Amino acid sequence: MVIASNLGYPRIGPGRELKKALESFWGGRSDAAALDAAGATLRRASWELQRAAGIDQIPSNDFSLYDHVLDTAAMLGAVPSRFGWNGAMVDRDTYFAMARGGPNTPAMEMTKWFDTNYHYIVPEFEPGMIFRLASSKAIDEYREAKALGIETRPKLLGPVSFLLLGKSRHAGIEPLDLLDQALPVYEQVLRQLAEAGATWVQVDEPMLVLDLSARARAAYAQAYARLSAACPSLKFLLATYFGDPGDNLETALELPVAGLHLDLTRASHAGQLVQRTLAAVPDALTLSLGLVDGRNVWRTDLDAALGTARAVLESVGSQRVMIGPSCSLLHTPVDLGIETELDEELCSWLAFARQKVDEIALLARALVDEAAVAAELEARRAALASRRASSRVHDPAVAARMGSVDEAMQRRVTAFAQRQAAQQARLRLPLLPTTTIGSFPQTGAVRKTRAAFKAGRLSAAEYDGFLESEIERVVRFQEEVGLDVLVHGEPERTDMVEYFGERLSGVAVTKHGWVQSYGSRCARPPIIYGDVSRPEPMTVRWARYAQSLTDRPVKGMLTGPITILQWSFVRDDQPRRDTAGQIALAIRDEVRDLEAAGIRVIQIDEPALREGLPLRRAQWAAYLEWAVASFRLVAAGVRDETQIHTHMCYAEFNDILEAIARMDADVISIEASRSQMELLEGFARFRYPNQIGPGVYDIHSPRVPSQESVETLIDYALDVLAADQLWINPDCGLKTRNWDEVRPSLMHMVAAAERQRSRVTAS
Ligand code: GLN
Ligand code: ZN
């Protein structure tokens, strides 16, 4: 018997029911009982759906009201002292305060879950923290399913990954020092699960696909020896995912567990991983094969998957094989069946979570009796063949253009010093020029008008008229405040990637393809399904209009290829770098059209450059090579006097400065105010050659920065950078702020720049 297994199902519900329940609870419009009921309804629906599909091992405790790492912190009672928790079970209010902050208590930090667009709450360890069982969620949800007649496999985030994902804010505490404290709590939970009747548990240890220290490897051995000895009746399925365990494979194979899950979709050489595993697999170990991609939206190539599974089966026997998704299905949209925006052909190439569950069950059945499912396999083969051959996927014109890309297309005509002189002669900017990052407040009126237009209640002419009036307002405002380089404000964009996704060929956008980003926040990533090209200019109309209103330079605003790639579902039939190259060519054309339309400054945003880094350090250089090349391909088609900006946020850059410098943007703006310009030290040490705008105003906070505080930050920046290298701007776009915050903040910023300008000139 081959076991059909799932590692996790999306929590948000097909119609974002969880989002609605959470936001209504937080807004005081419904009570805790209503929230609990909504959760129970969602869990039941997903369990029943998986059972009906034929999944043998259905996960429980994959649901979360906010985040599974936060759930684990709650399980261990790892509550930072500022939340004033009383020490019994972690109650709902404490839980949400940890996630979202309280009236005077900052929330816990949030960061990206590996290289996905899901964000987790970073565990915080502090002195005096004593772990103890403080949440019964895992056991409650196991029992809840059982009461519905559904046997589940409880899922826990493993102790080593949990600790390594956390941070200690105090010197002297290393997360792994806390392992001895964490293990007794895990033992307690596991014993309770065993007593309640669980036979298998899924323990996620995704950290096993990263570069690990010897100490971390030893921690794995210690933790699992202890846990399996404490619960001899439980079978542990140790789940690795998001990559190949690589040099940690041996460590994983030596752990005293009953099953090991491998992600066979993201390992660059899945065949080799299988061979290496089979060569060393202990006698009784079950292998769980992650054959259905949990990070993407494509239908699985079932024949290829069956081939891999058969090789394993022949070697270890059918009793020791599970078929599953590569990772939890959390990262895919919920159900293709409810999608309305995509055409039938495109749909036939796709599988969302619900369809992936069917694929898993089908694979498991095919391994037992292929003849019984022959017709189904054949239908899927046909869909795959149609995708492979489709002219919507393969555009010879794009291929030809890609073939003609050469080194010269990726190089500005002259070096920065010479360009800088040409740009200055044309732009005549003062010392310490001021600008913003692009978006201005997306007010209720902007969002409502866009929704009315999309719903057909407003004509295109009316909508365009509205956008023009918004742009004019934003331009006048910036003139009044005295900014030097203006923007049009981006009122026409819901989202910096979706906007381009809607306008590029080879890219589709969905109506219901929501994926959880964090808590109640969901995103709808575009689907890049074919060769990408640009049928017509995408932003020129608005940039030209804005420039027609003023003599000051207006910055054209574009999203770069890496960010579009990172925040979309991408093709699985060609390397990411090729897709990036195609997007780069399309955006390059837009850059040239902006230049031809008289736009003198063009910003190409790459906030996601850093998050595209591979999980393993050894692969960084190769990624950075093509990522930088794709940026340069976008930017290098302009004349010397056209100034190229880029913008990055959310990250530390010090370990990739050399790559950032190779992008050769004339000006880069980065997030720096929250670290009091500490981020700049790297740029200074590295002697970053071009110009930099370190954010001097933290747009993530509603606080209006005083003129003095901005002056102080400029002082810090002037300590490490030359005055003629420095730009003055906020941290990021102003889209999420309101006008009452933006107006005084920018006035203070401009006044601070003026003060500093006269000081610098005087000295
Ligand atoms: N130009 C974008 C904006 O201002 C940049 C957003 C971002 O970096 N995330 O909104
Ligand atoms: Zn930003």
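The structure presented is a predicted model; accordingly, all values stated were derived computationally and were not measured.

(A) Quick peek at the sheet that holds strand S20 (residues 667-670). Strand order in this open sheet of 5 strands is S17-S18-S19-S20-S21, and the pairing throughout is parallel. Both outer strands of the open sheet, strand S17 (555-559) and strand S21 (691-694), are each paired with one neighbouring strand and no more. Across the sheet, the mean angle from the axis of one strand to that of its neighbour is 20 degrees, orientation sign disregarded. One ladder, built from 5 bridges, connects S17 with strand S18 (residues 601-605); its direction is parallel.

(B) Quick look at helix H4 (residues 92-100). All of the buried residues along H4 are Thr94, Tyr95, Phe96, Ala97, Met98 and Ala99. Turning to H4, the residues buried within the fold contact helix H1 (17-26), helix H2 (32-53), helix H3 (68-76) and strand S4 (119-121). Positive backbone phi, approximately 85 degrees, marks Gly101, located one or two places after H4.

(C) Local environment of the site of ligand 1. Around ligand 1 sit 13 residues in total, of which Ser439, Glu490, Asp605, His647 and Gly733 are the nearest. Within the contact set of ligand 1, a nitrogen atom lies 3.1 Å away from a backbone nitrogen or oxygen of Ile437. Asp605 places a side-chain nitrogen or oxygen 2.7 Å from a nitrogen atom of ligand 1. Look at ligand 1: alone it shows 300 Å² of surface, and the protein chains cover 94% of it. Split into classes, the residues belonging to the shell around ligand 1 amount to 7 nonpolar, 4 polar and 2 charged.

(D) Region of interest: unusual backbone geometry. With a phi angle near 50 degrees, Phe114 is a residue other than glycine that sits in the positive phi range. Within the secondary structure, Phe114 sits in the loop between strand S3 (110-112) and S4. Taking relative accessible area as the criterion, Phe114 reaches 12% and is therefore assigned buried. You will see that Glu490, though not glycine, has its phi angle at about 60 degrees, which is positive. Locating Glu490 in the fold gives a position in the loop between helix H18 (460-481) and helix H19 (498-503).

(E) A look at the coordination of the zinc ion (ligand 2). Coordination sphere of the zinc ion (ligand 2), protein contribution only: His647 (NE2), Cys649 (SG) and Cys732 (SG), at 2.0 to 2.3 Å. Angles of 88 to 123 degrees at the metal separate the 4 donor atoms of the zinc ion (ligand 2), which places the site in the tetrahedral class. Donor residues binding the zinc ion (ligand 2) come from one chain and are separated in sequence as H-x1-C-x82-C. Separated by 83 residues along the polypeptide, Cys649 in the loop between strand S19 (643-648) and helix H24 (657-663) and Cys732 in the loop between helix H26 (707-720) and helix H27 (739-762) bring together distant segments of the chain. Of the two residues, Cys649 and Cys732, neither departs from the other in class, the shared state being buried.

(F) Quick peek at the pairing of strand S10 (residues 259-263). With 5 of 5 residues buried, S10 lies mostly within the body of the structure. Side chains Gly259, His261 and Asp263 project from S10 onto one buried face, and the interleaved Leu260 and Leu262 project onto a second face that is buried too. You can see the chain leave strand S9 (residues 235-239), run along helix H9 (residues 249-254) and come back into S10, and the turn it takes is right-handed. By the bridge criterion, 5 bridges tie S10 to strand S11 (residues 286-292) in an arrangement that is parallel. Opposite His261, over in S11, you have Ser288 as the bridge partner.

(G) Molecular detail of empty space enclosed by the protein. Under the defined criterion, the tally for this structure stands at 6 cavities of 30 Å³ or more. Reported here for the largest cavity is a volume of approximately 170 Å³. Surrounding the largest cavity, 14 residues form its lining, Asn61, His68, Thr72, Lys155 and Leu157 being those nearest its centre. Of all the secondary structure elements, the ones that give two or more residues to the lining of the largest cavity are H3, helix H5 (137-147) and strand S6 (152-157). Considering each element in turn, the lining of the largest cavity owes the most residues, 4 residues, to H3. Broken down by class, the residue content of the lining of the largest cavity amounts to 6 nonpolar, 4 polar and 4 charged. The calculated volume of the second largest cavity comes to roughly 110 Å³. Considering the residues around the second largest cavity, the lining is formed by 15 residues, among which Arg11, His68, Lys155, Ser328 and Leu330 are closest to the centre. Partitioning the lining of the second largest cavity into residue classes produces 6 nonpolar, 5 polar and 4 charged.

Criteria and thresholds
Residues numbered from 1 in each chain as written. Chains lettered and ligands numbered in written order. Predicted model: local features only at pLDDT ≥ 70, side-chain atom pairs only at ≥ 80, totals over all residues. Heavy atoms only, no water. Pairing = 2+ DSSP bridges. Helix = DSSP H or I, 4+ residues; strand = E, 2+ residues; numbered from the N terminus. Axes fitted to C-alpha atoms, helices over the stretch in contact; angles between N-to-C directions. Buried < 20%, exposed > 50% of the residue type's maximum accessible area, 1.4 Å probe, protein only. Contact = heavy atoms within 4.5 Å. Near = heavy atom within 4 Å. Polar contact = N/O pair within 3.5 Å; in protein donor to acceptor, adjacent residues only side chain to side chain. Areas by Shrake-Rupley, 256 points an atom, 1.4 Å probe, with all protein chains shown as cover. Nonpolar A, V, L, I, M, F, W, Y, C, P; charged D, E, K, R; others polar. Donors = N, O, S within 2.8 Å, 3.2 Å for Na, K, Ca; no water. Tetrahedral: all angles 85-135°; square planar, octahedral: opposite > 155°, others 65-115°. Right-handed = clockwise from strand over helix to strand, strands pointing away. 1 Å grid on protein atoms, 1.4 Å probe; cavity = no way out; pocket = protein on both sides within 12 Å on 5 of 7 lines; lining within 4 Å. Points joined across faces, edges and corners; volume = space filled by probe spheres on them.

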